[in-house]
Amino acid sequence: DLTSHVPFFARFEGHTEPLALKHMGADAQKHQALILNRVSAASFIALTTILKAGDVVYGFAPTGGVTHPSAVRPIAMAGATLEQYHTYADLEKAWTQKGAPRLLLITPISASKKHIPYDEFQRALTLPRAANTLVYVDDAHMASRIAFFDEPRTFQVGAIDLAVCSADKHVAGPRAGVFVGRKDLVTEIGSRAYELGLEAQAGQYV
């Protein structure tokens, strides 16, 4: 008798997360999943947890597109600095001249539906990282990358620490954010997500 969200989660939490890992091409041995109430919630909680004042973020977004505001604003809230790049050549030049950032934030397809060429997406993931460099992929439109561009699922592209995709953009799911990443990072981020009530509700799980 599912009278409220409490018995719902007691019975069903843990059943959807393995599907989320499979959906994003992740490795259950290395990665963990959270279902949050939307992509924006995932970006907010992830970025405000892993960034601190003074950190530098390199944003890699398609030519003609931009890093989504739901990622730009949390970066500013954390006191970090965002530098935007739109080609692999420019990103590599900054990386070489200024060094590796704290975070590389990649937006493979922008809200305006501009697209990073797959080879540039892959090459960005091979740039030499500092010991504390993380990679976060805002892959809200992952379903489009797979269907229209014949590209792999997020974690099959290369070395990625954290990523999110949408359960409702181009797929027939509810509005929710499918958030996947390294187990240690997702545990830390997840504890804050639950504290602030950003988890998906019962209807979104269904």
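Residues numbered from 1 in each chain as written. Predicted model: local features only at pLDDT ≥ 70, side-chain atom pairs only at ≥ 80, totals over all residues. Heavy atoms only, no water.

Some remarks on the sheet that holds strand β1 (residues 31-36)
- Reading across the sheet, the seven strands line up as β1-β7-β6-β5-β4-β2-β3 and stay open at both edges, with mixed pairing between neighbours. The open sheet terminates on both sides in strands that have one partner only, identified here as β1 and β3 (81-85). Put simply, the sheet's adjacent strands are angled 20° from each other on average, direction ignored.
- Relative to strand β4 (residues 103-106), strand β2 (residues 56-60) runs parallel, the two sharing four bridges. Pairing of G59 across the sheet is with L105, part of β4. (Pairing = 2+ DSSP bridges. Helix = DSSP H or I, 4+ residues; strand = E, 2+ residues; numbered from the N terminus. Axes fitted to C-alpha atoms, helices over the stretch in contact; angles between N-to-C directions.)

Topic: the nonpolar core
- Counting 33 residues, the largest nonpolar core has M24, F60, L91, L104, I106 and V180 as the members making the most contacts within it.
- A per-element tally of this core places helix α5 (residues 88-98) first, with four residues.
- For M24, the contacting residues outside a window of four places in its chain are M142, R153, T154, F155, A163, V164, C165, V178 and V180. (Core = buried A, V, L, I, M, F, W, Y, C linked by side-chain atoms within 4.5 Å. Buried < 20%, exposed > 50% of the residue type's maximum accessible area, 1.4 Å probe, protein only. Contact = heavy atoms within 4.5 Å.)

Digging into helix α7 (residues 142-149)
- Residues M142, A143, S144 and R145 constitute the buried set of α7.
- Buried positions along α7 lie against α2 (17-23), α6 (118-124) and β6 (162-166).
- Backbone geometry just downstream of α7 places D150 in the positive-phi region, at approximately 55°.

Purely geometric numbers; function is a separate question.
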